[in-house]
Amino acid sequence: MAFTLPELPYAYDALGPYMSKETLEYHHDKHHQAYVTKGNELAEKAGMADLPLEEIVKKSHGTDQALFNNAGQHYNHIHFWKWMKPNGGGKSLPGKLASAFDSDLGGYDKFKSDFEAAGAGQFGSGWAWVAVKNGKLEIMKTPNGENPLVHGGVPILGVDVWEHSYYIDYRNARPKYLSAFVDSLINWDYVLECYEKATA
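Here's a quick rundown of the structure. (Residues numbered from 1 in each chain as written. Predicted model: local features only at pLDDT ≥ 70, side-chain atom pairs only at ≥ 80, totals over all residues. Heavy atoms only, no water.)

Turning next to the overall build of the chain. Scanning the chain from terminus to terminus reveals eight helices and three strands. For 200 residues, the compact-globule estimate of 2.2 N^0.38 gives 16 Å, and the C-alpha radius of gyration of the chain, at 16 Å, lies within 12% of that figure. When its C-alpha atoms are laid out on the principal axes, the chain stretches across 45 × 40 × 30 Å. In the chain, buried positions account for 50% of the 200 residues. At a minimum sequence separation of 6, the contacts of the chain that also span at least 24 residues come to 68%. Approximately 9,200 Å² of the chain is accessible, and the part contributed by carbon and sulfur atoms is 51%. The positive charge centre, built from 19 side chains, and the negative charge centre, built from 25, are 3 Å apart in the chain. (Helix = DSSP H or I, 4+ residues; strand = E, 2+ residues; numbered from the N terminus. Rg over C-alpha atoms; globule rule 2.2 N^0.38 Å. Buried < 20%, exposed > 50% of the residue type's maximum accessible area, 1.4 Å probe, protein only. Contact = heavy atoms within 4.5 Å. Areas by Shrake-Rupley, 256 points an atom, 1.4 Å probe, with all protein chains shown as cover. Lys, Arg positive; Asp, Glu negative; His and termini not counted. Charge placed at Lys NZ, Arg CZ, Asp CG, Glu CD.)

If you want it as C-alpha coordinates, here you go:
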(Lines give C-alpha, C1' and ligand atoms only; values in the text may rest on other atoms or scores of the structure.)
Protein backbone atom coordinates (compact mmCIF):
# COMPACT_ATOMS: atom_id res chain seq x y z
CA MET A 1 0.00 0.00 0.00
CA ALA A 2 1.73 3.16 -1.17
CA PHE A 3 1.91 5.98 1.35
CA THR A 4 -0.18 8.98 0.34
CA LEU A 5 -0.43 12.39 1.94
CA PRO A 6 -3.97 12.82 3.31
CA GLU A 7 -5.84 16.09 2.93
CA LEU A 8 -6.21 18.03 6.16
CA PRO A 9 -9.72 17.51 7.56
CA TYR A 10 -10.14 21.30 8.00
CA ALA A 11 -8.93 24.50 6.34
CA TYR A 12 -5.33 25.55 6.93
CA ASP A 13 -6.46 28.55 8.99
CA ALA A 14 -9.13 26.64 10.96
CA LEU A 15 -7.03 25.88 14.06
CA GLY A 16 -6.02 29.47 14.79
CA PRO A 17 -5.02 31.06 17.05
CA TYR A 18 -3.67 27.82 18.59
CA MET A 19 -2.00 26.47 15.46
CA SER A 20 -1.39 28.84 12.57
CA LYS A 21 -1.93 28.47 8.85
CA GLU A 22 1.84 28.86 8.38
CA THR A 23 2.59 26.00 10.80
CA LEU A 24 0.13 23.68 9.05
CA GLU A 25 1.44 24.60 5.60
CA TYR A 26 5.00 23.73 6.62
CA HIS A 27 4.14 20.77 8.83
CA HIS A 28 1.62 19.07 6.53
CA ASP A 29 2.76 20.12 3.04
CA LYS A 30 6.53 19.92 3.64
CA HIS A 31 7.36 17.67 6.61
CA HIS A 32 4.62 15.07 6.24
CA GLN A 33 5.05 15.04 2.46
CA ALA A 34 8.76 14.30 2.94
CA TYR A 35 7.95 11.25 5.13
CA VAL A 36 5.54 10.02 2.44
CA THR A 37 8.01 10.44 -0.42
CA LYS A 38 10.98 8.90 1.41
CA GLY A 39 8.83 6.20 3.03
CA ASN A 40 7.54 5.00 -0.36
CA GLU A 41 11.07 4.84 -1.76
CA LEU A 42 12.41 2.91 1.26
CA ALA A 43 9.40 0.54 1.56
CA GLU A 44 9.86 -0.37 -2.11
CA LYS A 45 13.55 -1.02 -1.56
CA ALA A 46 12.84 -3.18 1.50
CA GLY A 47 10.19 -5.24 -0.31
CA MET A 48 7.48 -4.03 2.08
CA ALA A 49 5.56 -1.73 -0.25
CA ASP A 50 2.49 -4.00 -0.33
CA LEU A 51 2.14 -4.34 3.46
CA PRO A 52 -0.32 -2.31 5.57
CA LEU A 53 1.31 0.72 7.19
CA GLU A 54 1.06 -0.68 10.76
CA GLU A 55 2.91 -3.82 9.63
CA ILE A 56 5.66 -1.77 7.98
CA VAL A 57 6.08 0.22 11.21
CA LYS A 58 6.36 -2.94 13.33
CA LYS A 59 8.56 -4.93 10.90
CA SER A 60 11.01 -2.08 10.26
CA HIS A 61 11.45 -1.29 13.98
CA GLY A 62 14.94 -2.38 14.97
CA THR A 63 15.74 -3.72 11.49
CA ASP A 64 15.56 -0.76 9.07
CA GLN A 65 15.90 2.53 10.92
CA ALA A 66 15.45 4.82 7.91
CA LEU A 67 12.26 3.09 6.81
CA PHE A 68 11.00 2.97 10.39
CA ASN A 69 11.59 6.71 10.87
CA ASN A 70 9.55 7.62 7.80
CA ALA A 71 6.81 4.97 8.16
CA GLY A 72 6.43 5.76 11.86
CA GLN A 73 6.13 9.46 11.20
CA HIS A 74 3.65 8.87 8.38
CA TYR A 75 1.48 6.77 10.72
CA ASN A 76 1.80 9.34 13.51
CA HIS A 77 0.82 12.26 11.31
CA ILE A 78 -2.13 10.56 9.59
CA HIS A 79 -3.68 10.40 13.06
CA PHE A 80 -2.28 13.69 14.38
CA TRP A 81 -4.27 15.74 11.85
CA LYS A 82 -7.46 13.91 12.87
CA TRP A 83 -6.73 14.26 16.60
CA MET A 84 -7.30 18.01 16.18
CA LYS A 85 -10.32 20.06 15.19
CA PRO A 86 -11.49 23.68 15.39
CA ASN A 87 -13.10 24.46 18.76
CA GLY A 88 -11.80 21.18 20.18
CA GLY A 89 -10.25 20.21 23.48
CA GLY A 90 -11.62 20.79 26.94
CA LYS A 91 -13.40 18.47 29.32
CA SER A 92 -16.38 17.42 27.14
CA LEU A 93 -15.28 13.82 26.61
CA PRO A 94 -17.81 11.32 25.24
CA GLY A 95 -19.20 9.22 28.13
CA LYS A 96 -17.37 5.97 27.35
CA LEU A 97 -14.06 7.82 27.07
CA ALA A 98 -14.67 9.85 30.23
CA SER A 99 -15.25 6.58 32.16
CA ALA A 100 -12.01 5.07 30.85
CA PHE A 101 -10.07 8.25 31.68
CA ASP A 102 -11.54 8.17 35.20
CA SER A 103 -10.72 4.52 35.85
CA ASP A 104 -7.33 4.24 34.09
CA LEU A 105 -5.82 7.75 34.18
CA GLY A 106 -7.29 9.20 37.38
CA GLY A 107 -9.74 11.54 35.65
CA TYR A 108 -9.46 14.42 33.21
CA ASP A 109 -7.40 16.81 35.37
CA LYS A 110 -4.78 14.17 36.15
CA PHE A 111 -4.71 13.16 32.45
CA LYS A 112 -4.14 16.80 31.42
CA SER A 113 -1.34 17.24 33.92
CA ASP A 114 0.39 13.90 33.15
CA PHE A 115 -0.03 14.14 29.36
CA GLU A 116 1.36 17.68 29.21
CA ALA A 117 4.22 16.65 31.53
CA ALA A 118 5.05 13.71 29.23
CA GLY A 119 5.20 16.05 26.23
CA ALA A 120 7.25 18.68 28.05
CA GLY A 121 9.59 16.03 29.47
CA GLN A 122 10.36 14.32 26.16
CA PHE A 123 13.96 15.39 25.55
CA GLY A 124 14.41 16.57 21.97
CA SER A 125 12.00 15.45 19.26
CA GLY A 126 9.21 12.97 19.90
CA TRP A 127 5.61 12.44 20.90
CA ALA A 128 3.38 12.11 23.97
CA TRP A 129 0.57 9.55 23.84
CA VAL A 130 -2.47 8.04 25.41
CA ALA A 131 -2.42 4.37 24.40
CA VAL A 132 -4.35 1.21 25.12
CA LYS A 133 -1.92 -1.33 26.52
CA ASN A 134 -2.93 -4.62 28.17
CA GLY A 135 -6.56 -3.47 27.99
CA LYS A 136 -5.98 -0.23 29.91
CA LEU A 137 -5.15 3.36 29.03
CA GLU A 138 -1.70 4.66 29.80
CA ILE A 139 0.28 7.80 29.07
CA MET A 140 3.55 7.26 27.23
CA LYS A 141 6.23 9.33 25.52
CA THR A 142 8.52 8.24 22.70
CA PRO A 143 11.54 9.75 20.92
CA ASN A 144 11.58 10.78 17.26
CA GLY A 145 9.11 8.76 15.13
CA GLU A 146 8.50 5.95 17.62
CA ASN A 147 4.95 5.24 18.72
CA PRO A 148 3.09 2.83 21.03
CA LEU A 149 2.67 0.22 18.25
CA VAL A 150 6.27 -0.88 18.85
CA HIS A 151 5.83 -0.94 22.64
CA GLY A 152 2.85 -3.27 22.82
CA GLY A 153 0.21 -0.55 22.72
CA VAL A 154 -2.25 1.12 20.36
CA PRO A 155 -2.33 4.93 20.36
CA ILE A 156 -5.68 6.68 20.77
CA LEU A 157 -4.26 10.21 21.16
CA GLY A 158 -0.87 11.71 20.36
CA VAL A 159 0.74 15.12 20.30
CA ASP A 160 3.77 15.96 18.18
CA VAL A 161 6.54 17.69 20.16
CA TRP A 162 8.99 18.05 17.30
CA GLU A 163 9.86 21.75 17.10
CA HIS A 164 8.34 22.07 13.62
CA SER A 165 4.94 21.42 15.23
CA TYR A 166 5.03 24.51 17.44
CA TYR A 167 8.05 26.76 16.91
CA ILE A 168 6.43 29.23 14.49
CA ASP A 169 3.58 29.83 16.95
CA TYR A 170 5.17 29.31 20.38
CA ARG A 171 8.95 29.53 19.83
CA ASN A 172 10.54 27.53 22.67
CA ALA A 173 7.41 27.54 24.90
CA ARG A 174 6.56 23.86 24.45
CA PRO A 175 4.41 23.68 27.65
CA LYS A 176 2.23 26.53 26.35
CA TYR A 177 1.71 24.64 23.06
CA LEU A 178 0.81 21.44 24.92
CA SER A 179 -1.69 23.27 27.09
CA ALA A 180 -3.32 24.85 24.01
CA PHE A 181 -3.48 21.43 22.33
CA VAL A 182 -5.32 19.86 25.28
CA ASP A 183 -7.56 22.84 26.06
CA SER A 184 -8.50 23.91 22.53
CA LEU A 185 -7.55 21.42 19.79
CA ILE A 186 -8.24 17.76 20.72
CA ASN A 187 -10.91 16.07 18.62
CA TRP A 188 -12.44 13.84 21.32
CA ASP A 189 -14.75 12.14 18.80
CA TYR A 190 -11.75 10.80 16.89
CA VAL A 191 -10.06 9.77 20.16
CA LEU A 192 -13.22 7.80 20.99
CA GLU A 193 -13.18 6.18 17.53
CA CYS A 194 -9.56 5.09 18.08
CA TYR A 195 -10.39 3.85 21.60
CA GLU A 196 -13.31 1.77 20.37
CA LYS A 197 -11.17 0.17 17.65
CA ALA A 198 -8.33 -0.53 20.08
CA THR A 199 -10.63 -2.20 22.62
CA ALA A 200 -12.94 -4.06 20.19
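As a further point, take the environment of Asn70. Along the polypeptide, Asn70 turns up in helix α3 (residues 65–82). Counting along the chain gives 97 residues from Asn70 to Tyr167, while the straight-line C-alpha distance between them is 21 Å. If we skip the residues at most four places from it in the chain, Asn70 touches Ala34, Tyr35, Lys38, Gly39 and Leu42. A polar atom in the side chain of Asn70 sits 2.9 Å from the backbone oxygen of Ala66. (Polar contact = N/O pair within 3.5 Å; in protein donor to acceptor, adjacent residues only side chain to side chain.)

On to the packing of helix α5 (residues 108–121) against helix α7 (residues 174–185), then. Two quantities define a packed helix pair, namely the angle between the helix axes and the distance between the axes. Look at α5 against α7: their axes get within 9 Å of each other, and the N-to-C directions meet at 145 degrees. For the element pair α5 and α7, the recorded crossing hand is right-handed. Across the interface between the two elements, Tyr108, Phe111, Lys112, Phe115, Glu116, Gly119 and Ala120 from α5 touch Arg174, Pro175, Leu178, Ser179, Phe181, Val182 and Asp183 from α7. Of the residues assigned to the contact of α5 with α7, the class counts are eight nonpolar, two polar and four charged. (Axes fitted to C-alpha atoms, helices over the stretch in contact; angles between N-to-C directions. Left-handed = near helix turned anticlockwise from the far one by under 90°. Nonpolar A, V, L, I, M, F, W, Y, C, P; charged D, E, K, R; others polar.)

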